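Here are the chains, one letter per residue:
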Amino acid sequence: MNSPVITVSQLNAYVKSIIDGDENLQYIYVCGEISNFTNHYRTGHFYMVLKDADASIKAVMFRSSAQRLRFAPEDGMMVIAKGRLSVYERSGQYQLYIDDLQPDGAGALSVAFEQLKERLAKQGLFDDIHKKPIPAYPERIGVITSPTGAAVHDILNVLERRFPLSKVVLCPVQVQGESAAPQISDAIKRFNRGDHADLLIVGRGGGSLEDLWAFNEEIVARAVFESEVPIISAVGHETDFTICDFVADLRAPTPSAAAELAVPNRVECKERINYMNADIINYSLLSIEQKRQHILELMSTPFFKDPAYYIETKMQVVDELVSRITYSMEQKLQQSKSDLSVLCGKLDVLSPLKVLGRGYSLTVKNKKIIGDINDVDIGDSVTIMLSNGALNCDVISKADKADDKNEK
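This text gives an overview of the structure that appears in the document.

1. Focus: helix 5 (residues 180-193)
Phase 1 of the analysis: The end-to-end C-alpha separation of helix 5 is 20 Å, in line with the 20 Å expected for 14 residues at 1.5 Å each.
Phase 2 of the analysis: Residues Ala180, Ala181, Ile184, Ser185, Ala187, Ile188 and Phe191 constitute the buried set of helix 5. For helix 5, the buried positions fall inside an angular range of 155° around the axis, keeping them on one side.
Phase 3 of the analysis: Its buried side turned inward, helix 5 meets strand 6 (140-145), strand 7 (167-172), strand 8 (199-204), helix 6 (218-226) and strand 9 (231-235).

Now the structure itself:
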């Protein structure tokens, strides 16, 4: 039997036509473990291998399907893939073309929630150091929620009942659906761009995980984290937790509870003011009584009873002090005079005039006393000072002690 010779391309195309023509392979569910996962960021396609204990198959998920996933596939994850089987003619390999992917055993939203929670926690968005204090008496409260839900009515009723002095600025947004997360994020940013509120309440009433999903979106988490205005998260019921709850400065179990946490109770404030007013009155009366007693004590002192006696007593003390100062000064002056006389006597003994009075003379040249023969030269003019006058002389010759000895 003669068989026709065909090309590789023809063979792959023929096999592909057989597989594509099998209706059982066009809509299948395959359970397996992901390995060799690749996110082709430039195109947005996902490439992976699905395997079990005995076999494996290549799989691809194109961008149009991949961008609808709520979670991020990763190696080691057990999944159920829905898709069709076909042949990639270029390589001749058959592979699974995935239209939808679900975690095996856990919902896609639950996996996505845990993945985002873990990633944001590692980045520090949940750390207490970033939590801003809630103002004790906010003047303006921004409320970001649906304008038609029960949550907004609960919040407004509680705020009006507890603290009507606070003004409420409502920013209506969708809290469910694809456009909800961008609207919530934009509303938070708009409140931060102007001085519109001292505190924000962000939330909605209860619902399923899918209903609350807008508050699990990363865009909302980033907006809450970057907000300069403190935020109270009030999403769902007490058992519901969202990513927004972990990032917010304060988490409230319900929207009504958020309103209670946002403002003080006016009844309690009034009672506190009454207590403070009573404390002020009591303190003032006590202080006045203490001052009155102090004044009575002062009035009973000798000064108030007989001011003249008190002044005379002080004057007597002053007189005694003046007498002591005068006596001390006189003693000091007398001692100084005595010391001066002694010094004058010593100075008189050492006075050059005394020496001149005993027949000695003093020779001066240019107002300087001559103490050495070498200080003058022949022809110099000198002054010889005596006790009763002075002689102006010219030096015509010099003779030192050595010359006198030779003459003798």
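There is more to say after this.
2. A closer look at helix 8 (residues 255-262)
Phase 1 of the analysis: Those residues of helix 8 not exposed but buried are Pro255, Ala257, Ala258, Ala259 and Ala262.
Phase 2 of the analysis: Its buried side turned inward, helix 8 meets strand 6, helix 4 (150-162), strand 8 and strand 9.

3. Some thoughts on the pattern of salt bridges
Phase 1 of the analysis: Counted according to the given criterion, the structure contains 12 salt bridges.
Phase 2 of the analysis: Here Arg222 ties to Glu218 by a salt bridge, and the two come within 3.1 Å at their closest N and O atoms. Of this pair, Arg222 and Glu218 both sit in helix 6, 4 residues apart, roughly one helical turn.
Phase 3 of the analysis: Glu218 gets classed as partly exposed once you look at its relative accessible area, which sits at 25%.

4. Considering the layout of surface pockets
Phase 1 of the analysis: Quantified by volume, the largest pocket comes out at close to 580 Å³.
Phase 2 of the analysis: Lining of the largest pocket is provided by 21 residues; of these, Leu69, Arg70, Trp213, Asn216 and Glu217 occupy positions nearest its centre.
Phase 3 of the analysis: Broken down by class, the residue content of the lining of the largest pocket amounts to 8 nonpolar, 5 polar and 8 charged.
Phase 4 of the analysis: In this structure, the second largest pocket spans a volume of roughly 300 Å³.
Phase 5 of the analysis: Looking at the second largest pocket, it is lined by 14 residues, and the ones nearest its centre are Thr363, Ile370, Asp372, Ile373 and Val376.
Phase 6 of the analysis: Of all the elements in the fold, those that place two or more residues in the lining of the second largest pocket are strand 13 (381-386) and strand 14 (389-394).
Phase 7 of the analysis: In terms of residue class, the lining of the second largest pocket is built from 8 nonpolar, 3 polar and 3 charged.

5. Considerations on the environment of Val395
Phase 1 of the analysis: Among the secondary structure elements, Val395 is positioned in the loop between strand 14 and helix 13 (401-407).
Phase 2 of the analysis: In sequence terms Val395 and Asp380 are 15 residues apart; their C-alpha atoms lie 5.5 Å from each other.
Phase 3 of the analysis: Beyond its immediate stretch of four places on either side in the chain, Val395 contacts Asp377, Ile378, Gly379, Asp380 and Val382.

6. Side note on the packing of aromatic side chains
Phase 1 of the analysis: With the rule as written, the count across this model stands at 6 aromatic pairs.
Phase 2 of the analysis: Aromatic side chains Phe126 and Phe246 sit 5.5 Å apart centroid to centroid with 35° between the ring planes, which places their arrangement in the tilted category. Of this pair, Phe126 sits in the loop between helix 3 (108-122) and strand 6 while Phe246 sits in helix 7 (residues 243-247), and the two are 120 residues apart along the sequence.
Phase 3 of the analysis: For Phe246, a relative accessible area of 24% puts it in the partly exposed group.
Phase 4 of the analysis: An aromatic cluster is defined as three or more aromatic residues linked by ring pairs; in this entry it consists of Phe126, Phe241 and Phe246.
Phase 5 of the analysis: Its guanidinium or amino end placed over the ring of Tyr97, Arg84 lies 4.8 Å from that ring's centre, counting from NZ or CZ.

Definitions and limits used
Residues numbered from 1 in each chain as written. Predicted model: local features only at pLDDT ≥ 70, side-chain atom pairs only at ≥ 80, totals over all residues. Heavy atoms only, no water. Helix = DSSP H or I, 4+ residues; strand = E, 2+ residues; numbered from the N terminus. Expected span 1.5 Å × (residues − 1). Buried < 20%, exposed > 50% of the residue type's maximum accessible area, 1.4 Å probe, protein only. Arc of directions from axis to C-beta. Contact = heavy atoms within 4.5 Å. Salt bridge = Lys/Arg side-chain N within 4 Å of Asp/Glu carboxyl O. 1 Å grid on protein atoms, 1.4 Å probe; cavity = no way out; pocket = protein on both sides within 12 Å on 5 of 7 lines; lining within 4 Å. Points joined across faces, edges and corners; volume = space filled by probe spheres on them. Nonpolar A, V, L, I, M, F, W, Y, C, P; charged D, E, K, R; others polar. Phe/Tyr/Trp six-rings, centres within 6.5 Å; stacked < 30°, edge-to-face > 60°. Lys NZ or Arg CZ within 6 Å of the ring centre and 35° of its normal.

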